[in-house]
Amino acid sequence: MNKILIPVDFSEDSVTAIRYGCQLISQNERKQEVDLIHVFTHHSNSYVNRQAYPIEDPQVKISEKDMERLLTNLHNEYPGIKFNSIFKEGNLFEEISKVTAVFNYDAVVMGTKGSSGLEAIFLGSNTYDVILNTKTPVLGVPQNTKGLKKDRIGLLCNFKEGEIEVLQQAIKLIGNDFELVLIYVNKDDRRISDIDAQFKNWIEEIINRTGVQNISYTIKPQVLYNRAAENVSHAISNVLIDEQIDFLLITRSRKSIFRKLIEENIVRKMAYHMTIPTLFAPVRSK
């Protein structure tokens, strides 16, 4: 049995992430456990007096009480889920990296701030570092997420092996009962007939290796790109709206669209437009 890890600061954002994670688990036959981690990022030796007698940081007790109340509420609301609490001291990114290094979590589920969706993930350096560097998939849940909906799952597609890996990782969280929408941005202005032929073979490969049966695809034309980085993010955002995507998958590998977006410095621009849960999954494929 695997688990999901959810950083908790007792804000509305983290509570949204917790509830979303619990809904994922409740509908998943694998029944993962939930580890809630709170990192004391401001704890210092300022609470030790000159005689070297330790004075306890009052924030520790406050956070412990907050966690106790949170766990009580969660046990009542989700009696079928086992919750565990973890307290660490230090840098959020570093502590999450350490915890995920010693246990194979299915995902780190992180809440984001504000109506601009994933903006907080990318503008908040700690969470951005988690996405870029942890070997565990990171699921960003915007604050305005009302509840679990996964009828249509979008996947940024570049016909790479890693896309199948990210699908396999996503299935651990959400199962395979959904329509998969493959999203291809035709920034090189390829012939549509060539892309259609490639999609036919690629969809057969996905079906054979993941069990996902209901698959469609959409192609955004080069005219929406025009070699301008912000237009790629705009094109993707339009697809999410036009195709009514509930949940987005982004592959993290050297040859994935994610890396191309990083290189073209538009990930931050994408962040301002994404308002749906998004799974960033690292893959081994080159």
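If you're wondering where the values come from, they're calculated on a predicted model, not measured in any experiment.

K.L.:
How should I be thinking about the sheet that holds strand β1 (residues 3-7) in this particular structure?
P.N.:
Two strands in a sheet stick together by hydrogen bonds in their backbones, pointing the same way (parallel) or opposite ways (antiparallel). The 10 strands lie next to each other as β3-β2-β1-β4-β5-β10-β9-β6-β7-β8, forming an open sheet whose pairing is mixed. Taken across any chain shown, the strands that pair with only one partner, and hence form the sheet edges, are β3 (83-89) and β8 (215-220). Direction aside, neighbouring strands of the sheet carry axes that sit 25° apart on average. The pairing of strand β9 (residues 247-252) with strand β10 (residues 278-282) spans five bridges and is classified as parallel. Looking across to β10, one finds that L249 is bridged to L279. With respect to the sheet, helix α6 (residues 161-174) is in contact with β1, β4 (107-111), β6 (152-156), β7 (179-185), β9 and β10, its orientation differing from that of β9 by roughly 135°. Each of β7 and β8 touches helix α7 (residues 192-210); the most contacted strand, β8, lies at about 150° to it.

K.L.:
Whenever I open this one, the packing of α6 against α7 confuses me. Can you help?
P.N.:
Geometry of a packed helix pair, given as the angle between the helix axes and the separation of the axes. At a minimum axis separation of 11 Å, α6 and α7 run at an interaxial angle of 40°. When you trace α6 past α7, the crossing you get is right-handed. Side by side, α6 and α7 meet where E161, E163, I164, L167, Q168 and I171 of the first sit next to W202, E205, I206, R209 and T210 of the second. For the contact of α6 with α7, the residue count by class is five nonpolar, two polar and four charged.

K.L.:
Looking at this structure, how should I read the nonpolar core?
P.N.:
Within soluble globular proteins, side chains that are nonpolar generally end up buried alongside one another. Core analysis: the largest hydrophobic core is formed by 48 residues, its most contacted members being L36, L180, L182 and L249. If sequence neighbours within four positions are ignored, L180 has contacts with I153, L155, L167, I206, V212, N214, I215 and S216. The next biggest cluster of nonpolar side chains, apart from the first, holds 26 residues, and it includes L5, I131, V138 and V239.

K.L.:
Help me understand the pattern of salt bridges, please; the structure alone is not making it clear to me.
P.N.:
Here the idea is simple: oppositely charged side chains can pair when their charged atoms come close. Considering all chains together, one arrives at 13 salt bridges under this definition. A salt bridge links K149 to D246, with the nearest nitrogen and oxygen atoms 4.0 Å apart. Residue K149 is found in the loop between β5 (138-141) and β6, and its partner D246 is found in the loop between α8 (229-242) and β9; the two are separated by 97 residues along the sequence. Using a relative accessible area of 49% as the deciding quantity, one classes K149 as partly exposed.

Cut-off values and rules
- Residues numbered from 1 in each chain as written.
- Predicted model: local features only at pLDDT ≥ 70, side-chain atom pairs only at ≥ 80, totals over all residues.
- Heavy atoms only, no water.
- Pairing = 2+ DSSP bridges.
- Helix = DSSP H or I, 4+ residues; strand = E, 2+ residues; numbered from the N terminus.
- Axes fitted to C-alpha atoms, helices over the stretch in contact; angles between N-to-C directions.
- Contact = heavy atoms within 4.5 Å.
- Left-handed = near helix turned anticlockwise from the far one by under 90°.
- Nonpolar A, V, L, I, M, F, W, Y, C, P; charged D, E, K, R; others polar.
- Core = buried A, V, L, I, M, F, W, Y, C linked by side-chain atoms within 4.5 Å.
- Buried < 20%, exposed > 50% of the residue type's maximum accessible area, 1.4 Å probe, protein only.
- Salt bridge = Lys/Arg side-chain N within 4 Å of Asp/Glu carboxyl O.

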